[in-house]
Amino acid sequence: MSLYAFPPIKFPSGVGVAPAALFVTLLIAAVVLIALPAAVVDERTGLATGGTEHPALVVGLSLALVAMWAYVALRRLIVTPIRLLRVDLESAVAGAGPEIRTSMNREVDRIADTVRGDFPEGRRRTVTSAAIFCLVGAVITSWVVLTPFAVSEGHVSEPALAGGAQEATDGAAAVVRHELESALSGLDAVAVGSTALTDPASTAARAVLTRPLFKGAYVLDADARTLASAGDGTATLTAVPRPGLSLLNSGGAEPHLVATSTLSDGRALVGQFDIRALNDHLRTPSSAITVVDTEMRTILKSSGYTAFEPLQGDDLRQAARRALDGAPTTSALPTRAPTVVTAAPIGYGDASATLRLVAVGAHDPSTALYASNPVKRTSAVVAGIAGVLALVLLTWTYISAIRPLRSLADHARAIAAVPAGGPTPTPVPPERLNETGAIAAALNHILARVLVWRAKADGEATSTDDETRVVSDPESFLAPTVVLRVTQRPTGPGSADELTRADTLLLERGPLMTVGR
């Protein structure tokens, strides 16, 4: 394809495809949000009243407005100026069009100024394509970020929220109980092994290897003397712990929580728990869980803490005592307190219950509301998908229209500098099958005519008796120019060789024509 051919656009809407797709995508997301239903429930009883509401109505309407604003902005400030410039350039190059129109788009206006040969001293009110792109992207991104906070809470059952908070604490207590009981069962299995009596060292090593929750293991005789040890245990054993689970200390750098199994000859196999590993099982994204003993001293916690520090907060301490007594533990209605406090005992009539430990949870009501509100979760998902698709379509707009237009604006400036002796720019291949490709082809026409005028002005093109020349007007790059033959080809910038490389020997107001060299 010649550098100066006008390529047909690939899609009917050309550079308008991506903005139109962006508008449709956001509009579909808005309809989905508006239509999201939620059953109205009694806040006290948690029973449905039979009504239906739309908590995401305002968010959906706001997205529809954002979609319309983004489409109008892209259409008015990017798509329409590019299309008008393409029409004006093709018509002007063909000699049948009106004057090149100005535009609010800075890159389009720069190209128009170059073609007209008009460079006003004062700056017109224009905006860059990149600024439009960034503004639209920022508005859409802000909407996506704010959507989860803007969806109405609706009618949420307080008992349901309290039940969800209690379930989280019960789950944490169950996890600790399971880990303690399973470690004790594993230790009992090692204690009855075939080498438990004959090889204390391998017995201790097996206890650590088979149960990673143990940081160390010891084999003790009846007088609490250590016969063998393995791992990195730090417990000080002055007496043989009772079988089962025990907390050996009430102060120090870390709690010494151990499991003990009795060997058949009276010796004991003791495994010391890794407190950090137990803490990891308490970590949850929505709640702060603390495990305390009967004296309200901290034994385990889901976040950083100091061992045996007193449990802070009267509501937390009261909930822990009620849990030890078997009473309900939710301290306040979720929507009326900054923190929902719950508690659950660890263990029920088993070895872990002898520790008398309690899991206390402090829950954020907003997190609980989000977890129990399907409309909020669905809105967040819809907003996220719409935001990702919007950014993809904006990127498409940038690649297909904005970036080529900025490059063409710089190319037009380089063409404008040629008559004044500036370097000759390389013609731009019209690679894209849209309006920017047609604009590139038109600028290549203009570049060729500028080179012809410069060659004539420098005295580098001569004519013979059978040659015809119509000299181009330096005030306009679209003035009529006809060159039938170039008889001299001096070297150097702006010479006839430049015309040869531009594939241009015959130029006129109309489609490009070439003749043999």
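Residues numbered from 1 in each chain as written. Predicted model: local features only at pLDDT ≥ 70, side-chain atom pairs only at ≥ 80, totals over all residues. Heavy atoms only, no water.

*Asks:* Provide a residue-level description of the side chain of Asn105, including the pertinent values.
*Replies:* The topology assignment puts Asn105 in the loop between α2 (57-93) and α3 (106-116). Separated by 2.9 Å, the side chains of Asn105 and Ser129 make a polar contact. Asn105 has contacts with Leu77, Ile78, Pro81, Thr126, Val127, Ser129, Ile132 and Leu405, leaving out every residue within four places of it along the chain. (Helix = DSSP H or I, 4+ residues; strand = E, 2+ residues; numbered from the N terminus. Polar contact = N/O pair within 3.5 Å; in protein donor to acceptor, adjacent residues only side chain to side chain. Contact = heavy atoms within 4.5 Å.)

*Asks:* Hey, could you go over the pattern of salt bridges for me, with residue numbers and the actual values?
*Replies:* Tallied over the full model, the rule gives 9 salt bridges. Between Glu435 and Arg83 there is a salt bridge; the shortest N-O distance is 3.4 Å. With Glu435 in helix α11 (residues 435-457) and Arg83 in helix α2, this residue pair connects regions lying 352 residues apart in the sequence. On the basis of relative accessibility, which here comes to 4%, the residue Glu435 falls in the buried class. Residue Arg177 is joined to Asp350 by a salt bridge in which the shortest nitrogen-to-oxygen separation is 2.6 Å. (Salt bridge = Lys/Arg side-chain N within 4 Å of Asp/Glu carboxyl O. Buried < 20%, exposed > 50% of the residue type's maximum accessible area, 1.4 Å probe, protein only.)

*Asks:* Provide a residue-level description of the nonpolar core, including the pertinent values.
*Replies:* Core analysis: the largest hydrophobic core is formed by 57 residues, its most contacted members being Leu22, Leu89, Ile111 and Leu443. For this core, the secondary-structure elements that each account for two or more residues are α1 (17-35), α2, α3, α4 (129-150), α10 (374-416) and α11. At 16 residues, the largest contribution of residues to this core is made by α2. Contacts of Leu22, omitting those with residues within four sequence positions, involve Ala70, Leu74, Ile140, Ala390, Leu393 and Leu394. Core analysis: the next-biggest nonpolar cluster, separate from the first, contains 39 residues, Leu180, Val219, Leu257 and Ile346 among them. (Core = buried A, V, L, I, M, F, W, Y, C linked by side-chain atoms within 4.5 Å.)

*Asks:* Requested: an account of unusual backbone geometry, with residues and values cited.
*Replies:* Phi is positive for Phe308, close to 65°, though the residue is something other than glycine. For Phe308, the location among the structural elements is in the loop between β9 (298-301) and α8 (314-325). Residue class for Phe308 comes out buried when judged on its relative accessible area of 9%. The backbone of Arg356 shows a phi angle near 60°, a positive value even though the residue is not glycine. With relative accessibility at 43%, the residue Arg356 sits in the partly exposed group.

*Asks:* Lay out the sheet that holds strand β6 (residues 257-262) with the relevant residues and their values.
*Replies:* Ordered in space as β4-β3-β7-β6-β5, the 5 strands form an open sheet in which the pairing is antiparallel. Looking along the sheet, the strands with just one partner apiece sit at the ends: β4 (226-231) and β5 (244-247). For this sheet the average axis-to-axis angle between neighbouring strands, irrespective of direction, equals 20°. Note: β5 against β6, 4 bridges, orientation antiparallel. Within the sheet, the bridge partner assigned to Leu247 lies in β6 and is Leu257. Helix-sheet contacts for helix α6 (residues 200-210) involve β3 (214-220), β4 and β7 (268-273), and the interaxial angle to β3 is about 155°. (Pairing = 2+ DSSP bridges. Axes fitted to C-alpha atoms, helices over the stretch in contact; angles between N-to-C directions.)

*Asks:* Explain the sheet that holds strand β11 (residues 358-363) residue by residue, including any values.
*Replies:* Reading across the sheet, the 4 strands line up as β9-β8-β11-β10 and stay open at both edges, with antiparallel pairing between neighbours. Here the strands that pair on one side only, and so sit at the sheet edges, are β9 and β10 (340-345). Put simply, the sheet's adjacent strands are angled 25° from each other on average, direction ignored. Examined bridge by bridge, strand β8 (residues 287-292) and β9 share 3 bridges and lie antiparallel to one another. Its bridge partner lying in β9, Thr290 is registered against Lys301. Packed on one face of the sheet, α8 meets β8, β10 and β11 and runs near 30° to β10.

*Asks:* Residue-level account of the packing of aromatic side chains, with values.
*Replies:* In total, this model carries 3 aromatic pairs according to the counting rule given. Centre to centre, the rings of Phe133 and Tyr398 are 5.3 Å apart; their planes meet at 45°, and the pair counts as tilted. With Phe133 in helix α4 and Tyr398 in helix α10, this residue pair connects regions lying 265 residues apart in the sequence. For Phe133, a relative accessible area of 22% puts it in the partly exposed group. (Phe/Tyr/Trp six-rings, centres within 6.5 Å; stacked < 30°, edge-to-face > 60°.)

*Asks:* Any details on α10? Residues and values, ideally.
*Replies:* Taking 1.5 Å of rise per residue, the 43 residues of α10 would be expected to cover 63 Å, and the 61 Å separating its terminal C-alpha atoms lies within 8% of that figure. Maximal helix bending in α10 amounts to about 40°, located at Tyr398. (Expected span 1.5 Å × (residues − 1). Bend = angle between axes of the 7 residues up to and from the residue.)

*Asks:* Which residues make up the packing of α3 against α10, and what are the values?
*Replies:* The interhelical angle for the contact between α3 and α10, taken along N-to-C directions, is 25°, at an axis separation of 9 Å. One way to sum up the angle between α3 and α10 is to call them roughly parallel. Judged by the twist between their axes, the crossing of α3 over α10 is left-handed. Contact residues: α3 offers Glu107, Val108, Arg110, Ile111 and Thr114, while α10 offers Leu405, Arg406, Leu408, Ala409, Asp410, Ala412, Arg413 and Ala416. Here the contact of α3 with α10 is composed, by residue class, of 7 nonpolar, 1 polar and 5 charged. (Parallel < 35°, antiparallel > 145°, perpendicular 65-115°, else oblique. Left-handed = near helix turned anticlockwise from the far one by under 90°. Nonpolar A, V, L, I, M, F, W, Y, C, P; charged D, E, K, R; others polar.)

*Asks:* Residue-level account of the packing of α1 against α10, with values.
*Replies:* One can describe the packing of α1 onto α10 by two numbers: an axis separation of 9 Å at closest approach and a directional angle of 175°. By the angle class used here, α1 and α10 are roughly antiparallel. Here Val17, Ala18, Pro19, Ala21, Leu22, Thr25, Leu26, Ala29, Val32 and Leu33 of α1 lie close against α10, whose contacting residues are Ser379, Val382, Ala386, Leu389, Ala390, Leu393, Leu394, Trp396 and Thr397. The class makeup of the residues in the contact of α1 with α10 is 16 nonpolar, 3 polar and no charged.

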